[in-house]
Amino acid sequence: MLIVYLAALLMALQPTTSTNITHEEEGNIVIGIVIVHEKEQPDIPTMVADAIKKLSPKVKGFTIKDYYVEYDRERLQFGGAEQFCAALSQEVSVLLDVTWIDSQYISSAAEEFGIPYFHIDLSIQTYVKLMENFLLARAGNDVVYILPNLRDVDAAIYLLISDSYLRAITFGELDEDTVGRIKDLRPYPSFYAVVAGTMEINAILHKAIDGGLVRKPEKWNLLFTDLQTDKYAHVDTFPEMHRLLLDSNTCCILLRHLPPCICPDNFDPISVHLENVLEVVVGWSIDGAIPMVRAFNCTPELDQELVARVTTAREELMNQMALMAQFWIVQENGLIRPNLNLSIISSPTEQTIGSVVQGQIVLAKNDTLPNSKRFFRVGTTESIPWAYRKRDPAGKILRNPASGEPIWEGYCIDFLHQLSVVMNFDYDLVSPRNGTFGLRDADGKWDGLVGDLVVGEIDFAIASLKMTAEREEVVDFVAPYFEQTGILIAMRKPVRETSLFKFMTVLRLEVWLSILLAIVATAVMLWLLDKFSPYSAKNNKDAYPYECRNFTLKESFWFALTSFTPQGGGEAPKALSGRTLVAAYWLFVVLMLATFTANLAAFLTVERMQTPVQSLEQLSRQSRIKYTVVKDSDTHDYFRNMKNAEDVLYQMWRNLTLSSGNDQAQYRVWDYPIKEQYINILSAIESADPVVTAADGFRRVNEHLDADFAFIHDSAEIRYEISRNCNFTEVGEVFAEQPYGIAVQQGSHLQDELSYFILELQKERYFESLTAKFWNNSARSQCPNTDDSEGITLESLGGVFIATLVGLALAMVTLLGEVIYYRRKENSRNFIKVAPFANVDTKPIERHDKRFALKEKSIAAVKHLLDLDTPPGKVRGGTMKINTKKEKPIPKEITIGSKFVSAAERQQKLSYIAIMPRNPIH
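Notes on the structure in this doc start here. Just so you know, these numbers come straight off a predicted model, no measurement behind them. (Residues numbered from 1 in each chain as written. Predicted model: local features only at pLDDT ≥ 70, side-chain atom pairs only at ≥ 80, totals over all residues. Heavy atoms only, no water.)

**Quick word on the overall build of the chain**
The cut-off we apply is this: Here a helix means four or more residues in a row that DSSP labels H or I, a strand means two or more in a row labelled E, and each is numbered from the N terminus. Under the scheme applied here, a residue whose accessible area is under 20% of the maximum for its type counts as buried, over 50% as exposed, and between as partly exposed, the area being computed with a 1.4 Å probe on protein chains only. Residues count as neighbours in contact if any of their non-hydrogen atoms are within 4.5 Å of one another. For the area figures, the Shrake-Rupley method with a 1.4 Å probe applies, and any residue is considered shielded solely by the protein chains shown.
For the chain, the count of helices and strands is 26 helices and 28 strands. Taking all 922 residues of the chain together, the buried fraction comes to 43%. Excluding contacts between residues fewer than 6 apart, the proportion of contacts in the chain whose partners are at least 24 apart in sequence is 71%. Summed over its atoms, the accessible surface of the chain is roughly 50800 Å², and 54% of this surface lies on carbon and sulfur atoms.

**A few points about the sheet that holds strand β26 (residues 743-745)**
Working definition: the strands of a sheet are paired by backbone hydrogen bonds and lie parallel or antiparallel to each other. What counts, and what does not: Only strands that DSSP links by at least two bridges are regarded as paired with each other. For helices, the axis comes from a line fit to the C-alpha atoms of the stretch in contact; other axes are also lines fit to C-alpha atoms, and the angle between any two N-to-C directions lies between 0 and 180 degrees.
Read from one edge to the other, the open sheet built from five strands follows the order β19-β16-β20-β26-β21, with strand pairing classed as mixed. The strands lining the two open edges of the sheet, one partner per strand, are β19 (425-430) and β21 (475-477). Sheet topology places strand β20 (residues 460-461) next to β26; two bridges connect them, and they run antiparallel. Each bridged residue has a counterpart across the sheet, and for A461 the counterpart in β26 is A743. Relative to β19, helix α12 (residues 411-423) is tilted by about 155°, and along the sheet it contacts β16 (374-379), β19 and β20.

**Things to note about the pairing of strand β7 (residues 167-172)**
As paired elements, strand β6 (residues 142-147) and β7 share six bridges and run parallel to each other. Paired with D142 across the strands is R167, a residue of β7.

**Concerning the pairing of strand β4 (residues 94-97)**
Taking every second residue as pointing to the same face, both faces of β4 are buried, with V94 and L96 on one and L95 and D97 on the other. When strand β2 (residues 29-38) meets β4, the two strands line up parallel, connected through four bridges. Bridging across to β4, I33 finds its partner in V94. Sheet topology places β4 next to strand β5 (residues 117-119); three bridges connect them, and they run parallel. The partner of L96 across the bridge, within β5, is F118.

**So, unusual backbone geometry**
Backbone torsion omega between I384 and P385 reads 5°, so that peptide bond is classified as cis. Within the fold, P385 resides in the loop between β16 and β17 (388-389). Even without a glycine there, the phi angle at R256 is positive, about 55°. In this structure R256 comes out as partly exposed when scored by relative accessible area, which is 40%. Unusually for a residue other than glycine, N424 sits at a positive phi of about 60°. Within the secondary structure, N424 sits in the loop between α12 and β19.

**Concerning helix α20 (residues 677-687)**
Stated formally: This arc is taken over the directions from the axis of the helix to the C-beta atoms.
Within α20, burial applies to Q677, Y678, I681, L682 and I685. Each buried residue of α20 sits inside an arc of 120° when the element is viewed along its axis, so together they form one side. Positioned one or two residues after α20, D689 has a phi angle of 65°, which is positive.

**Description of the sheet that holds strand β24 (residues 709-714)**
On the basis of which strands lie adjacent, the open sheet formed by four strands has the order β23-β24-β22-β25 and mixed pairing. Either end of the sheet is taken by a strand with one partner, and the two such strands are β23 (626-628) and β25 (728-740). Across the sheet, the axes of successive neighbouring strands diverge by a mean angle of 20°, strand direction being ignored. Where strand β22 (residues 482-492) lies against β25, seven bridges are found, and the strand directions are antiparallel. Looking at the pairing, I489 lines up with V731 of β25. Across the face of the sheet, helix α21 (residues 694-703) comes into contact with β22, β23, β24 and β25 while running at roughly 155° to β24.

**Considering a nonpolar patch on the surface**
So the rule is basically this: By definition, no residue in a patch forms a salt bridge, and every one has over 30% relative accessible area; like charges are joined within 9 Å, nonpolar side chains (Val, Leu, Ile, Met, Phe, Trp, Tyr) within 5 Å. We count a salt bridge whenever a side-chain nitrogen from Lys or Arg sits within 4 Å of a carboxyl oxygen from Asp or Glu.
Taken together, the side chains of L509, L513, L516 and V520 make up a nonpolar region of the molecular surface, amounting to roughly 380 Å² of accessible area. Here V520 lies in helix α15 (residues 509-532).

**So, the packing of α12 against helix α23 (residues 750-763)**
Selection rule: These descriptions rest on fixed angle ranges, namely under 35 degrees for roughly parallel, over 145 for roughly antiparallel, 65 to 115 for roughly perpendicular, and the rest for oblique. We call Asp, Glu, Lys and Arg charged. Ala, Val, Leu, Ile, Met, Phe, Trp, Tyr, Cys and Pro are nonpolar, and the rest, Gly among them, are polar.
Look at α12 against α23: their axes get within 11 Å of each other, and the N-to-C directions meet at 105°. On the basis of their axis angle, the class for α12 and α23 is roughly perpendicular. Residues F415, Q418, L419, V422 and M423 of α12 lie in contact with α23, whose contacting residues are E753, L754, F757, I758 and L761. Broken down by class, the residue content of the contact of α12 with α23 amounts to eight nonpolar, one polar and one charged.

**Quick look at α15**
So the rule is basically this: Here, expected helix span is obtained from the residue count minus one, scaled by 1.5 Å.
With 24 residues, α15 should reach 34 Å at 1.5 Å per residue; the first-to-last C-alpha distance of 35 Å fits that figure. Within α15, burial applies to I515, A518, I519, T522, A523, L526 and D530.

**Focus on the pattern of salt bridges**
All told, the structure shown has 29 salt bridges when counted by the stated rule. Ionic pairing is found between R699 and E703, a salt bridge with its closest N-O pair at 3.0 Å. In this pair, R699 and E703 are both assigned in helix α21, four residues apart and thus about one turn of the helix distant. E768 is the salt-bridge partner of R765, the closest N and O atoms lying 2.7 Å from each other.

**Remarks on the nonpolar core**
Put simply, the rule reads: Buried Ala, Val, Leu, Ile, Met, Phe, Trp, Tyr and Cys residues that are joined via side-chain atoms within 4.5 Å together make up what is termed a nonpolar core.
Formed by 73 residues in total, the largest nonpolar core has its most connected members in F118, M131 and L278. Considering every element that reaches this core, the biggest residue donor is helix α10 (residues 269-287), with ten residues. When near neighbours in sequence (up to four residues on either side) are disregarded, L278 contacts I33, V48, A51, I52, L55, L96 and G283.

**Topic: the state of the cysteines**
Counted only if it meets this: Here, the term disulfide refers to a pair of cysteine sulfur atoms separated by no more than 2.5 Å.
The tally for this structure, following the rule as stated, stands at two disulfides. What pairs with C251 in a disulfide is C263, and their sulfur atoms sit 1.6 Å apart. For the disulfide bridge between C251 and C263, the dihedral angle about the S-S bond is near 130°, and by the sign convention the bridge is right-handed. Highlighted residues: C251 in helix α9 (residues 248-255) and C263 in the loop between α9 and α10, separated in sequence by twelve residues. With respect to burial, C251 and C263 carry one shared label: buried.

**Observations concerning the packing of aromatic side chains**
Inclusion rule: Aromatic rings from Phe, Tyr and Trp, taking only the six-membered ring of Trp, are treated as a pair when their centres fall within 6.5 Å; an angle between ring planes under 30 degrees marks them as stacked, one over 60 as edge-to-face, and anything in between as tilted. Consider the ring centre and the ring normal. A charge sits over the ring if Lys NZ or Arg CZ is within 6 Å of that centre and within 35 degrees of that normal.
Enumeration according to the criterion identifies 38 aromatic pairs in this entry. Taking 5.3 Å as the distance between ring centres and 75° as the angle between the ring planes, the aromatic pair formed by Y638 and F639 counts as edge-to-face. Both residues of the pair, Y638 and F639, belong to the buried class. Judged by centre distance (5.2 Å) and plane angle (80°), the ring pair of Y756 and F757 falls under edge-to-face. Through a chain of ring-to-ring contacts, the aromatic side chains of W386, Y411, F415, Y481, F482, Y720, Y740, Y766, F767, F774 and W775 assemble into a single cluster. Here the guanidinium or amino end of R314 rests over the ring plane of F118, the centre of that ring lying 5.5 Å away. Note that R337 overlies the ring of W328, its terminal NZ or CZ placed 5.1 Å from the centroid.

Here it is in structure tokens:
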């Protein structure tokens, strides 16, 4: 196996043009060093030469012969061994490997030839490893490295392949194209790490800011590879960024000076590290008398005891170096790294909260590193109330002033925020570029949220996404987060005609006119019959000596009108002809009242019916009400699938019926046993033009005031709209129930984690409170009560009260007319005021007041009325003699005297009594 390694190494190792640089003095010990480096490291010979020059004054009595070999990894399978043999033909004491990764080929070749092997890190790998340890301390699991050049990128990639615990992507030479590639990374990285010099970091951040990469500064981590950090230009701009700075003690450690020490302006930790390694290795070679190895024709000629002694001495040297402060030796592979101590600067205090010593994070007392928050791209799409963009009253989408992204609200958005709290992650909401939830085309490609999951555009999708068998073929679903949802029908409540005289619409106009005509005709006929019938009370007073109702034309109309009331018309005519007319009229009244009452009850009952249909089956059997769905939605797919199922069943039934043999006579039926319900429904939906969005569907329902349009959609969304809109109502029961779930990529590690936390939230009854927030029916308490189940409203019978008020107003107007008419009539008559005769024989007292004069005038007027012969002047004494004439007797209706005598006892037909009061009238 070692020979195979050696052959491969010989193919890969090619000496440089200047294969040997000799630093030799007479009488010194000669040390041959082979330095193997990457072909991307052309500056290594210069670095080693400078280090040897600085080493000469420190270590005396040696001569170094250095050989440089470029390691071409691409040629491990090609070439010959001649070129490496040229180096081995010289005397070699030590093999220094400064390549980017510990190669088993190089170390095995050194072991085969008995050459001490040392692997030294002179690249950016040490800085990258320190950054990785820092990110691991922050609980990071993925990172994007941004390095200053492509050579550093290659070096970092070899480290990340062999010795890294993070998912990492590395970029160099940040330009517009690289910025776009970083922005398109899916999933979003948890951290961004920049490892470079101060001026290079300034340039990288400037390009990143211009490209919109620095959206979350707290995710950016900067490691400065030089000591010029005072020139860092973004301290105040982004204080949230964590910075790792070379500690001042690093100079002291690498230069082996006692602190405090002053770092030179041109201090380069990597160059100083190379000097330290050469000093230790050369001193060890001199002290240990390491033999020179020479191989002719690439054939090792080894003394096994000498090789064992050299191997043991090398291991002891490595153990001693591990204890030296200037070295950081990786125990797993023996890589010699410089011990770079870093200070950790954290926001917002801008104070050192810790340091990195030999790769270990050491924090100051009471200081902690903020843990990493994972970052996910979460897909969603608009679906009220699950997720929707917030808009102003004018309908314009509101945006976050910091990021410019739309502001989202809804059930799923609140749920996602709660998940981010319990799972400790940050997220960005992403809408699908094509489609909504996800449809599969003829080529089997998906769009919408499902398509974004398939191509890795998003980490998981949270929306009103139904768990279907087709989708589960390409994505995985977690535990459902919402109760079973399905399909429901929404309609508008019929708009009632608000008429106070609605009771008048029970009968048509011609019926009301016919009733009025019947009243008029009956009243006129009743008046004529009573006037001309010889047996009426008016014309037959002998048969009816008492007072009877006189059916004048006015009284006849009153009788006809009052016959419609429960108390009846009153006294009926006496003649048989009149009674016959009244009987027929009363029969007409009874039938009309019964008809009106029945029609009014039916009218109000029908008016209280909210919807003319009560199920999907009834909806499919009628043609007046149109209905539709959202185009290409889950509901649309449901009816398509059901229609296709009916088509298949019909074909199967037809084939079974037509091809049935004698032993299958039971299948010979000519009536199709399955209803073609969904075929008719889908045809009606297509004819009504499916809407683009659910908002359009609800708008069309609201525009049809006669409740002749229905919208078939997701039951949860319909019930949400019903809870917010007083005009909507649901029809029938929910059908085609399916659960909602979060979708993740197939095999994603998030599936189990999301399922666990969803179950935990269910235990805490979180979803119940969230449902109550969005499906809150308390808003419907503000809706006007249009249900007459608790009684007939005033709007339906308000006209009755208005008619009553109009009657009262007419009565008051009539009263006013009567008063005015009476006063005018009274003012046109001559009234004579008289005084009683109780004191006519008494000597008149001379009085001149108006009351006494009125009394005298009354007495004179009565005497003149009765034609008394005795003149007023002859009246003397207690009695007065009245000389009455026979041709003018005193009427029986007049009672004279101080005692009241009832005239009704003498004359029974007297209808009223006129009484002359005893006291004077005044």
